[in-house]
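Residue strings, one per chain:
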Amino acid sequence: MHILLVASAFNSLTQRVHAELRDRGHTVAVELATPQAPERDASLRRAVREFAPDLILAPLLKTAIPRDVWTAHTCLVVHPGPPGDRGPSSLDWAIHDGADTWGVTVLQAGEEMDAGDIWASATFSVPVAGKSDLYRNEVSDAALRAVHLAVERCASGTYVPRPQTAGDQELRIRTRPYLRQEHRRIDWDSDSTETVLRKLRAADSQPGVRDELLGEEWFLHGGHPEHELCGRPGELVAVRAGAVCRATTDGAVWIPELRPRRRPGGPVPFKLPAVTALAGRLPALPEHPAPLFDGGHGRGWSDIGYREEGQAGFLSFDFPGGAMSTAQCRRLLDAYRLACRRPTSVLVLGGTRDFFSNGIHLNVIEAAADPAEESWANINAMDDLVEAVLTTTDRLVVAAVGGNAAAGGMMLALAADEVWCRSGAVLNPHYRLMGLYGSEYWTYTLPRRVGDAVAKRLTGEALPVSAETAERLGLADRTLDCDARSFAGEAARLAARLAASPATGARIAAKKGERDRDETYRPLAEYREQELAEMRRTFFDPRSSYHALRRAFVHKDPPSGRPGHLAAAARRTAGGPPAEGPDVTALAAHHAVPGPSACYQER
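### Concerning the side chain of Thr352
Then, in step 1: Of note, Thr352 is situated in the loop between strand E20 (346-350) and strand E21 (359-360).
Then, in step 2: Side-chain polar atoms of Thr352 contact the backbone oxygen of Phe317, separated by 3.5 Å.
Then, in step 3: Apart from residues lying up to four places away in sequence, Thr352 is in contact with Ser316, Phe317, Asp318, Gly402, Gly403 and Phe487.

What follows is the structure, encoded as structure tokens:
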């Protein structure tokens, strides 16, 4: 089928729908809906005329489809709630109310939002997780099941969708309002730790929970329990890994990120590590680092942890939004070096249920006194980490990619000996949407896995890749067909089997020879030097597109039109010329870049 995706942003779910529909042989185009109604509607009508879709599908749409479009074409909308649920805060309410099960519904666009006929639905169990984590995992899995079923039913031409009528005794129709800040408010003097965490999780990553802290208004993002520290309810009692610990009535919570309230006429504020956001305001607080070698479970939350099962070691990390600042890269490198001193034969890197990594931390860079210098420090810290993985020759290293990965985070995974992806992961092995050539030794690792031609296509097209396609291309070695909660256990089971395999010792013995041969052919330092030469020119040129794209991405500027790489992909579906990518054997000129809304993964 010819399917036109209409979305408010090319976010993680839209990317996954795009990738998996293409995997199934459909031709897919994307139209991003701008906030301005006249321009938005005119652009959508033009896209419909140009693409002549058999089906219009909206994975994420915050605005209405024009009446003349949905009356003339089958238009299906993905709603993150079970059949009968209506309203803009469906997932927020589910977490806020402590729902055990929830659902996703694919329904037909009509006069009333979320009230159209039902084409498909799927349910899932709700884990204890933040809204954004839940959205990228359980919601995404259910949405894809429902989307594929709805597409099949639409293609059949015979399916009759189920109307949402008040007389349907099995359908509980309920319209709930936008979940406002007065409902999210934390009462530090009476709310338990569990209540505080539920409110924080229901607001992650947007809109956050508005609160007063140190005499100013902030939005709190993310939350993790702390069982040992305590204090007067509401007061800050400690810091750890950039997060602040705030006391509750019966314990405390770790809050990783803060965002200031927007000032009238000012730019859109953005999230930062809590300690960074409070710089200059934060009183002297004790640093309470979590022990590395118990995974952080013995003394509360930690964003980096290590554990062992026999001959397999597991170095996990979980950074908000998958972004890795200079400090986070350096802490992870220190932990990696400690893990490499352990007597194991297999080291699993990652393995958590959400993002693997999205590379450098654009928000921290934007907030820095000198963004160019911070960009340079961050990319070098990423390179140091990737180099450590590439030069590990005394054990096998596995990248366990449970969630999405992009840009330098994808290249971090490719530095490992094996890459295992959860079936729902979305990969973006490219940099050009941020106006960057890229580093992290990608000119060595990417062609080594997929060949020069495919590497050029992937980096040039800048399109999301499903886990299934990643395995077919050689980006991944194994796809684990499991849900997000099962991924860590499945990865551990496979790692134990790998460590026990008689062939593993021979593979480890051969690693040093292979690395020495590659080093003789072309030293790793040469790849790094050439990549960083291009990156340095970009970072320190105030006219480079990177700075404008970074600012637009961080401040959530709306798209100004159809992104160039998505328009090019739509042209290719009609038989147009392929996109050109950077030459992996020589440094290429900068690429033209599209609007920021299509950049990287949703953070």
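### Re helix H16 (residues 484-500)
Because each turn of an α-helix spans 3.6 residues, side chains separated by three or four positions end up pointing in the same direction.
Then, in step 1: Along its 17 residues, H16 runs 25 Å from first to last C-alpha, staying within 8% of the 24 Å computed at 1.5 Å per residue.
Then, in step 2: With a side-chain oxygen positioned 3.3 Å from the backbone nitrogen of Arg485, the residue opening H16 is Asp483.

### Here we look at the pairing of strand E24 (residues 418-422)
Then, in step 1: Counting buried positions along E24 yields 5 of 5 residues, so the element is predominantly enclosed.
Then, in step 2: With burial as the criterion, each face of E24 is covered, one bearing Glu418, Trp420 and Arg422 and the other bearing Val419 and Cys421.
Then, in step 3: For strand E22 (residues 396-401) and E24, the ladder comprises 4 bridges, and the chain directions are parallel. Counted as the bridge partner of Ala400 is Trp420 from E24.
Then, in step 4: The pairing of E24 with strand E27 (residues 478-480) spans 3 bridges and is classified as parallel. Looking at the pairing, Trp420 lines up with Arg478 of E27.

### A few points about the side chain of Asp191
Then, in step 1: If you trace the backbone, Asp191 turns up in the loop between helix H6 (181-184) and helix H7 (193-202).
Then, in step 2: Relative accessible area serves as the criterion here: at 11%, Asp191 is assigned to the buried category.
Then, in step 3: Excluding residues that lie within four positions of it along the chain, Asp191 makes contacts with Arg185, Ile186, Val196, Lys199, Thr248 and Thr249.

### Observations regarding the nonpolar core
Then, in step 1: Leu258, Leu315, Tyr336, Val401, Leu412 and Leu446 are the most contacted members of the largest nonpolar core, which has 92 residues in total.
Then, in step 2: For this core, the element with the highest residue contribution is helix H11 (residues 371-390), accounting for 8 residues.
Then, in step 3: In this structure Leu412 touches Phe317, Met324, Leu349, Phe356, Leu385, Val386 and Val389, once residues within four positions along its chain are discounted.
Then, in step 4: Within the second largest apolar cluster, 41 residues are counted, among which are Ala7, Leu13, Val30 and Val106.

### Some details on the sheet that holds E27
Then, in step 1: Strand order in the open sheet formed by 6 strands is E17-E18-E20-E22-E24-E27, and the pairing between neighbours is mixed. At either end of the open sheet lies a strand with only one pairing partner, and these are strand E17 (304-309) and E27. Across the sheet, the mean angle from the axis of one strand to that of its neighbour is 20°, orientation sign disregarded.

### Considerations on the pattern of salt bridges
Then, in step 1: Scanning all chains against the criterion turns up 40 salt bridges.
Then, in step 2: Notably, a salt bridge pairs Asp97 with Arg176, separated by 3.0 Å at the nearest N-O pair. Of this pair, Asp97 sits in the loop between helix H4 (90-96) and strand E6 (101-108) while Arg176 sits in the loop between strand E8 (174-175) and H6; the two residues are 79 residues apart in sequence, bridging distant segments of the chain.
Then, in step 3: Taking relative accessible area as the criterion, Asp97 reaches 47% and is therefore assigned partly exposed.
Then, in step 4: With relative accessibility at 12%, the residue Arg176 sits in the buried group.
Then, in step 5: Between Arg246 and Asp211 there is a salt bridge, and its shortest N-O distance comes to 2.6 Å. One end of the pair, Arg246, is in strand E13 (residues 243-247); the other, Asp211, is in strand E9 (residues 209-213), and 35 residues separate them in sequence.

### Overview of the sheet that holds strand E25 (residues 426-428)
Then, in step 1: Here 3 strands make up an open sheet; going across it, the order is E23-E25-E26 and the pairing mixed. What marks the edges here is a single partner per strand, and that holds for strand E23 (405-406) and strand E26 (465-466).
Then, in step 2: Where E23 and E25 come together, 2 bridges link them in parallel fashion. The residue of E25 that forms the bridge with Ala406 is Asn428.

### Regarding the packing of helix H1 (residues 12-23) against helix H5 (residues 131-156)
Then, in step 1: Where H1 contacts H5, the two axes come as close as 10 Å, and the packing angle between them is 40°. Accordingly, the angle class assigned to the pair H1 and H5 is oblique. Seen along the crossing, H1 lies across H5 with a hand that is right-handed. Mapping the contact onto sequence places Ser12, Leu13, Arg16, Val17, Glu20 and Leu21 in H1 and Tyr135, Arg136, Ser140, Asp141, Ala143, Leu144, Val147, His148 and Val151 in H5.
Then, in step 2: Its residues assigned to classes, the contact of H1 with H5 shows 8 nonpolar, 3 polar and 4 charged.

### So, the pairing of E6
Then, in step 1: Of all 8 residues that make up E6, 6 are buried, and the element is covered over most of its length.
Then, in step 2: Bridge analysis of strand E4 (residues 75-79) against E6 gives 4 bridges, and the strand direction is antiparallel. Paired with His79 across the strands is Thr105, a residue of E6.
Then, in step 3: With 7 bridges connecting them, E6 and strand E7 (residues 118-125) associate as antiparallel partners. Looking at the pairing, Trp102 lines up with Phe124 of E7.

Reading the values: rules and limits
- Residues numbered from 1 in each chain as written.
- Predicted model: local features only at pLDDT ≥ 70, side-chain atom pairs only at ≥ 80, totals over all residues.
- Heavy atoms only, no water.
- Helix = DSSP H or I, 4+ residues; strand = E, 2+ residues; numbered from the N terminus.
- Polar contact = N/O pair within 3.5 Å; in protein donor to acceptor, adjacent residues only side chain to side chain.
- Contact = heavy atoms within 4.5 Å.
- Expected span 1.5 Å × (residues − 1).
- Buried < 20%, exposed > 50% of the residue type's maximum accessible area, 1.4 Å probe, protein only.
- Pairing = 2+ DSSP bridges.
- Core = buried A, V, L, I, M, F, W, Y, C linked by side-chain atoms within 4.5 Å.
- Axes fitted to C-alpha atoms, helices over the stretch in contact; angles between N-to-C directions.
- Salt bridge = Lys/Arg side-chain N within 4 Å of Asp/Glu carboxyl O.
- Parallel < 35°, antiparallel > 145°, perpendicular 65-115°, else oblique.
- Left-handed = near helix turned anticlockwise from the far one by under 90°.
- Nonpolar A, V, L, I, M, F, W, Y, C, P; charged D, E, K, R; others polar.

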